[in-house]
Amino acid sequence: MRAAFGSDVGETVQAFDRLSADSKYTRFMVHKKRLHPATLERGLHSAPGRASGVVATVPASDGIDIVGAAQYAWANANDNDNDNDDDNANDDDDDDDGACE
């Protein structure tokens, strides 16, 4: 397990593609054919002092395979910023191009 990096995009997409349709639905609670770029951005680029991503990897013939990913955020009792109440909202709602079905 290690911190997620922006360079993990390709391996993260491969990991997503290996999931069954049922697993994708269970994880995202919507039917997705592919990950939205904003989802990848949030998961692979930390927000210092607010959130970070981690990945679980295993050795593979091409280097590594990502077999799991998670994002965590710090709770700050002094943070009265309510502008981000929808940070976990489904980012597919505003996509008219059908990229994340």
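In short, a report on the structure. From a predicted model like this one, the values you see are computed outputs, not experimental measurements.

Some words on helix α1 (residues 9-18)
- The complete set of buried residues in α1 reads E11, T12, A15 and F16. Projection of α1 onto a plane perpendicular to its axis shows the buried side chains occupying an angular sector of 140°, all on one side.
- Its buried side turned inward, α1 meets α2 (21-28), α3 (37-44) and β3 (63-73).

With respect to the pattern of salt bridges
- According to the stated counting rule, one finds two salt bridges in the structure shown.
- The shortest N-O distance in the salt bridge between R2 and D8 comes to 2.8 Å.
- Under the relative-accessibility criterion, D8 is labelled buried at 4%.
- R18 is paired through a salt bridge with D65; the nearest N and O atoms lie 4.0 Å apart. Of this pair, R18 sits in helix α1 while D65 sits in strand β3, and the two are 47 residues apart along the sequence.

Some words on the sheet that holds strand β2 (residues 51-60)
- With respect to topology, three strands assemble into an open sheet ordered β1-β2-β3, the strand pairing being antiparallel. Two strands bound the open sheet, and with one partner strand each, they are β1 (2-3) and β3.
- Two strands pair when backbone bridges link them, and β2 and β3 are joined in this way by ten bridges, in the antiparallel orientation. Bridging across to β3, P59 finds its partner in I64.

Examining the environment of L35
- Take L35: it is sitting in the loop between α2 and α3.
- According to the relative accessible area criterion, L35 is buried, its value standing at 14%.
- Expressed as a C-alpha distance, the spacing of L35 and V13, which sit 22 residues apart in the sequence, is 7.1 Å.

Points about the environment of T12
- Residue position: T12 is located in helix α1.
- For T12, a relative accessible area of 12% corresponds to the buried category.
- Residues T12 and I66, spaced 54 residues apart in sequence, show a C-alpha to C-alpha distance of 6.2 Å.
- Ignoring sequence-local partners within four residues, the contact set of T12 consists of L35, L40, L44 and I66.

Thresholds, definitions, all that
- Residues numbered from 1 in each chain as written.
- Predicted model: local features only at pLDDT ≥ 70, side-chain atom pairs only at ≥ 80, totals over all residues.
- Heavy atoms only, no water.
- Buried < 20%, exposed > 50% of the residue type's maximum accessible area, 1.4 Å probe, protein only.
- Helix = DSSP H or I, 4+ residues; strand = E, 2+ residues; numbered from the N terminus.
- Arc of directions from axis to C-beta.
- Contact = heavy atoms within 4.5 Å.
- Salt bridge = Lys/Arg side-chain N within 4 Å of Asp/Glu carboxyl O.
- Pairing = 2+ DSSP bridges.

In short, shape yes, function no, at least from these values alone.
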